[in-house]
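Here is what each chain is made of, one letter per residue.
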Amino acid sequence: GAMDASVAYYLAALRIRPNFREAYASLGACLLRSGDVARAADCYEHAARLPPPSAALLCHLGDLRRQLDDHNAAVMCYESSLSVDNAFAPAWAALATAASERGDVSRAFALSTEALRIAPESPEVLAMYGNLLRTTGASAAAVEF
């Protein structure tokens, strides 16, 4: 169907230009949609190695690595994302979530505090902090909306 045709076009684009990051990322998105998380992560990994660095791409790769239970690789991706753009709120949220999932609640709260300082109006950061409070049973000052 349409997904197979899309894959064929992405592969054709990569035969013509082997370092075409957008084609790797799009191919990864197709593979992810079809449920092949491991191969999707490989495509995103390849795309992430191509210049220029992309905070969003590295963060997405971290999410895929987390889905594959490769926590260390996920954390490295989130940290790399932040080295590209220290104000990239989704990477802060993902890094805090990863720490919380590993049971490191104090690190999760430290990262969350930094995320809230850097991006206080980010939906990703606010949702992550709400999830952290819910899952840990901690309390915090209410947020005014």
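Residues numbered from 1 in each chain as written. Predicted model: local features only at pLDDT ≥ 70, side-chain atom pairs only at ≥ 80, totals over all residues. Heavy atoms only, no water.

1. Some points on the nonpolar core
So, step 1. Judged by nonpolar contacts, the single largest core of 26 residues is most densely connected at C59, Y78, L95, L111, V125 and M128.
So, step 2. When residues of this core are traced back to their parent elements, those giving at least two are α4 (55–67), α5 (71–84), α6 (89–101), α7 (105–118) and α8 (123–136).
So, step 3. Ranked by residues supplied to this core, first place goes to α6 with nine residues.
So, step 4. Discounting chain neighbours no more than four positions away, the residues touching L95 are V75, Y78, E79, L82, R107 and L111.
So, step 5. If you look at the next biggest cluster of nonpolar residues, it comprises 19 residues, including A23, V37, A40 and C43. (Core = buried A, V, L, I, M, F, W, Y, C linked by side-chain atoms within 4.5 Å. Buried < 20%, exposed > 50% of the residue type's maximum accessible area, 1.4 Å probe, protein only. Helix = DSSP H or I, 4+ residues; strand = E, 2+ residues; numbered from the N terminus. Contact = heavy atoms within 4.5 Å.)

2. Here's the deal with the packing of helix α1 (residues 2–16) against helix α2 (residues 21–33)
The angle between the axes and the distance between the axes are what describe a pair of packed helices.
So, step 1. Look at α1 against α2: their axes get within 9 Å of each other, and the N-to-C directions meet at 155°. With respect to each other, α1 and α2 are oriented roughly antiparallel. When the axes of α1 and α2 are compared, the crossing they make is left-handed. Contact residues: α1 offers M3, S6, V7, Y10, L11, A13 and L14, while α2 offers A23, Y24, S26, L27, C30 and R33. (Axes fitted to C-alpha atoms, helices over the stretch in contact; angles between N-to-C directions. Parallel < 35°, antiparallel > 145°, perpendicular 65-115°, else oblique. Left-handed = near helix turned anticlockwise from the far one by under 90°.)

3. Brief notes about the environment of S122
So, step 1. Within the element layout of this structure, S122 appears in the loop between α7 and α8.
So, step 2. As a C-alpha pair, S122 and A29 span 93 residues in sequence and 24 Å in three-dimensional space.

4. Here we look at the pattern of salt bridges
Here the idea is simple: oppositely charged side chains can pair when their charged atoms come close.
So, step 1. Evaluated as defined, the whole model comprises seven salt bridges.
So, step 2. The shortest N-O distance in the salt bridge between R66 and E101 comes to 3.0 Å. Of this pair, R66 sits in helix α4 while E101 sits in helix α6, and the two are 35 residues apart along the sequence.
So, step 3. One salt-bridge network, in which partners are shared between bridges, spans D42, E45 and R65. (Salt bridge = Lys/Arg side-chain N within 4 Å of Asp/Glu carboxyl O.)

5. A word on α8
So, step 1. The first and last C-alpha atoms of α8 sit 20 Å apart over 14 residues, in line with the 20 Å expected at 1.5 Å per residue.
So, step 2. The complete set of buried residues in α8 reads V125, M128, Y129, L132 and L133. Relative to the axis of α8, the buried residues are bounded by an arc of 135° and lie together on one face. Along α8, exposed side chains directed more than 90 degrees from the buried face belong to P123, R134 and T135.
So, step 3. In this structure, the buried residues of α8 make contact with α6 and α7.
So, step 4. Following α8 by one or two positions, G137 adopts a phi angle in the positive range, close to 75°. (Expected span 1.5 Å × (residues − 1). Arc of directions from axis to C-beta.)

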